[in-house]
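# An overview of the molecular structure
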Amino acid sequence: MSVELMVWDEATPISRDRARAAYLEVKKTEPVSGELPEIAKELPGIVTVYRDHVLVTMDLDTMDEMSAQVFTAARAHGLVCYDPQRDLVHNVAPLGVYEGMQLHTGDGLIVHDPDLGLVHDVLATMSPQNPFTALVTFGRHFVQVSPGFELEYKEGTLVRTMVDDLEEVRRAFHEYATGERGFLTRHEWSA
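In what follows, the accompanying structure is described. Positions within a chain are numbered from 1, following the residues in the order the chain's sequence is written. Thresholds applied to this predicted model are a pLDDT of at least 70 for local features of residues and 80 or more for the giving and counting of side-chain atom pairs; totals over whole chains, interfaces and linings are not thresholded and use all residues. Derived side-chain values reflect all non-hydrogen atoms in the structure, with water molecules and hydrogen atoms excluded from consideration.

Strand pairing in a sheet relies on backbone hydrogen bonds, with the paired strands running either antiparallel or parallel. The pairing criterion for strands is at least two bridges between them, as found by DSSP. Secondary structure elements follow DSSP: runs of H or I no shorter than four residues count as helices, runs of E no shorter than two count as strands, and numbering proceeds from the N terminus. Pairing is antiparallel in the open sheet, where 6 strands are placed in the order β7-β6-β8-β9-β10-β11. Of all strands in the sheet, those bounded by a partner on one side alone are β7 (110-112) and β11 (157-162). Each adjacent strand pair in this sheet contributes to an overall mean axis angle of 15 degrees, direction not counted. Here 3 bridges tie strand β6 (residues 102-105) to β7, and the two strands are oriented antiparallel to one another. Its bridge partner lying in β7, histidine 104 is registered against isoleucine 110. Fitted lines through C-alpha atoms give the axes, limited to the stretch in contact for helices. The angle between two N-to-C directions lies from 0 to 180 degrees.

Here it is in structure tokens:
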């Protein structure tokens with residue numbers, strides 16, 4: 001079984017719906033031949049070039065490692081990356097305030113310096129197959145959540161709380177990523 005990622009240029013951040021529509025439209029067209037664009041030379045897997053888009057196809061077994069390489073290359077070139085398997089779009093911006101912050105999920109997704117829209121969307125993907133989402137600033141602090149909305153935060157001591165809904169989780173993750181800490185005072189935490 002194979003999986004795909006598609007990269008292309010967008011002037012501004014786009015929604016998952018718009019990224020999905022672009023991906024589906026491009027897949028209806030024929031690939032182009034000729035000289036590869038610069039980004040295509042840096043991508044792992046099988047690379048197929050369409051007019052303004054580059055499709056990367058990889059084996060399921062190598063998906064996590066290769067996806068991280070594709071995300072990194074796309075960001076370095078200022079390109080959008082769409083993941084049709086997870087229905088997630090990786091925009092270039094806006095980013096959080098912690099350089100080197102990482103987004104981790106229980107199904108193997110790891111993204112360095114994730115954009116805030118991706119963080120928002122990933123939180124809705126938690127399930128038994130994807131049992132957690134975490135934003136980690138290694139060596140400093142992290143926030144993570146598991147299904148049932150158990151929120152954990154660590155900066156020295158690990159504390160946890162239960163929150164009512166996904167929107168509150170999204171708000172806490174956004175605050176964490178942007179350097180705000182309002183989520184710490186809105187909830188009662190226990191060690």
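Mapped onto the elements, glutamate 42 comes out in helix α2 (residues 38-42). Separated by 17 residues in the primary sequence, glutamate 42 and aspartate 59 have C-alpha atoms spaced 17 Å apart. With sequence-adjacent residues up to four places away left out, glutamate 42 is seen in contact with Ala73 and His77. A distance of 2.8 Å separates a polar atom in the side chain of glutamate 42 from a polar atom in the side chain of histidine 77. It only takes one pair of heavy atoms within 4.5 Å for two residues to be counted as in contact. Any N or O atom pair separated by 3.5 Å or less is treated as a polar contact, with the protein-specific requirement of one donor-capable and one acceptor-capable atom, and with residues adjacent in sequence counted only for side-chain atom pairs.

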